[in-house]
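Now for the letters of each chain:
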Amino acid sequence: MRQRIASAWSFRFHVEREAQARFSRLALWMEQSGAPEAVVELARRSAEDERRHAAHCAALARDYGAPVSEEAPVVLPEIAPHSLSFSQRTLYELVAACCVAETVSVGVLMRLRSVAGDERIRAVLHELLQDEVAHSRLGWAYLAHVAPSESVAFLGRFLPDMIEATAAEAGQPTALTPEDDDPALLPHGVLPHAERRALFASAMRDVVMPGLEQHGVPTGPAREWLERHGLG
Ligand SMILES: [Fe+2]
Ligand SMILES: [Fe+2]
């Protein structure tokens, strides 16, 4: 059980490190795309938040018995297709990272915070939650900034890929064994698999799809993907 908890925090550590690197790169990209300084600054601050999150996750992974290497270099793949223009790729990564992934995190962290088993876990989850809310807003703010002047409709056909990538990440690392549905994991900040799926589905249905539609991104292919995977 401790091992499963440790591996969940260790996995989260890697996700936070990658998020840190991604926000640093996005700040640069947005600057080059001529985004308002306020959103660029928000991306820089987000990178700093993710650095703090990674440190918390590393400490918890270590204390549950699975130390992580905090010095290891981060490999940061570009997730947007190269057929897109630079400004489209910037928007793609922001939407994938913020509007989709961070929104899912917010739902997960809200649930976990409400059942935290001790003050330390609760404090870490609270800090993560507050920041991830801001990171999610950054994506929506950038989408709102871009939508009136550029077409954002192209995102529609890529949404299934974005959702699939987030679903794969959200399913880790407790997706494999049935005992990971053990509710005893919850107080330690680890969401059982079935609940993870349910929270993912509701984040998509209640926040992500309506938000994207509101900004003019067609969600037909995404909704089909969700239906097909039992998440609609
Ligand atoms: Fe984070
Ligand atoms: Fe974040």
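Higher on the page you've got the structure.
Residues numbered from 1 in each chain as written. Chains lettered and ligands numbered in written order. Predicted model: local features only at pLDDT ≥ 70, side-chain atom pairs only at ≥ 80, totals over all residues.

Which residues make up the overall build of the protein, and what values do they have?
Looking only at helices and strands, the protein has seven helices and zero strands in total. In the protein, the succession of helices and strands from N to C terminus is α-α-α-α-α-α-α. The C-alpha atoms of the protein give a radius of gyration of 17 Å, which matches the 17 Å a tight globule of 232 residues would have. Taken along its principal axes, the extent of the C-alpha atoms in the protein is 50 × 40 × 30 Å. A burial count over the protein gives 42% of its 232 residues as buried. (Helix = DSSP H or I, 4+ residues; strand = E, 2+ residues; numbered from the N terminus. Rg over C-alpha atoms; globule rule 2.2 N^0.38 Å. Buried ≥ 20, exposed ≤ 12 C-beta atoms within 10 Å, placed from the backbone.)

I'd like a description of helix 3 (residues 86-114), backed by residues and values.
Along its 29 residues, helix 3 runs 41 Å from first to last C-alpha, staying within 8% of the 42 Å computed at 1.5 Å per residue. Most pronounced at Glu-102, the bend in helix 3 amounts to some 30 degrees. Buried residues dominate helix 3, accounting for 22 of its 29 residues. (Expected span 1.5 Å × (residues − 1). Bend = angle between axes of the 7 residues up to and from the residue.)

I'd like to hear about the environment of Ala-6, residue by residue, with values.
Turning to its location among the elements, Ala-6 is positioned in helix 1 (residues 2-32). Ala-6 gets classed as buried once you count the C-beta atoms within 10 Å, which come to 21. Counting along the chain gives 114 residues from Ala-6 to Arg-120, while the straight-line C-alpha distance between them is 15 Å. Beyond its immediate stretch of four places on either side in the chain, Ala-6 contacts Ala-61, Tyr-64, Gly-65 and Ala-66. (Contact = placed C-beta atoms within 7 Å.)

I'd like a rundown of the nonpolar core, residues and numbers included.
Membership of the largest hydrophobic core comes to 67 residues, with the highest contact counts inside it found for Trp-9, Ala-43, Ala-61, Val-95, Cys-99, Val-100 and Ile-163. Those elements that provide at least two residues to this core are helix 1, helix 2 (37-63), helix 3, helix 4 (119-146), helix 5 (159-171), helix 6 (193-214) and helix 7 (220-228). Not counting the four nearest positions on each side in its chain, Ala-43 is found in contact with Phe-23, Leu-26, Ala-27, Met-30 and Leu-138. (Core = buried A, V, L, I, M, F, W, Y, C linked by C-beta atoms within 7 Å.)

Explain the packing of helix 3 against helix 4 to me, using residue names and the numbers behind them.
A pair of packed helices is characterised by two quantities: the angle between their axes and the separation of those axes. Viewed as axis vectors pointing N to C, helix 3 and helix 4 meet at an angle of 150 degrees, and their least axial separation amounts to 8 Å. Judged on the interaxial angle alone, helix 4 and helix 3 are roughly antiparallel. Where helix 3 crosses over helix 4, the two elements pack in a sense that is left-handed. Counted by class, the contact of helix 3 with helix 4 contains 19 nonpolar, six polar and four charged residues. (Axes fitted to C-alpha atoms, helices over the stretch in contact; angles between N-to-C directions. Parallel < 35°, antiparallel > 145°, perpendicular 65-115°, else oblique. Left-handed = near helix turned anticlockwise from the far one by under 90°. Nonpolar A, V, L, I, M, F, W, Y, C, P; charged D, E, K, R; others polar.)

Please give an account of the packing of helix 1 against helix 3 that cites residues and values.
Where helix 1 meets helix 3, the axes come as close as 10 Å, and the angle between the chain directions of the two elements is 145 degrees. Here helix 1 and helix 3 pass one another in a crossing that is left-handed. Contact with helix 1, carried on its side by Arg-22, Leu-26, Trp-29 and Met-30, involves Thr-90, Glu-93, Leu-94 and Ala-97 of helix 3 and no other residues of that element. Taken together, the residues of the contact of helix 1 with helix 3 sort by class into five nonpolar, one polar and two charged.

Could you give an account of the environment of Gly-211, naming the residues involved and the relevant values?
Secondary-structure assignment places Gly-211 in helix 6. Measuring from C-alpha to C-alpha, the distance between Gly-211 and Trp-140 comes to 7.9 Å, with 71 residues separating the pair along the chain. Setting aside residues up to four positions removed in sequence, Gly-211 forms contacts with Cys-99 and Trp-140.

Report on the environment of Asp-131, specifying residues and quantitative values.
Relative to the helices and strands, Asp-131 resides in helix 4. Residues Asp-131 and Gln-214 lie 83 residues apart in sequence; the distance between their C-alpha atoms is 24 Å. Apart from residues no more than four positions distant in its own chain, Asp-131 is found in contact with Asp-49 and His-53.

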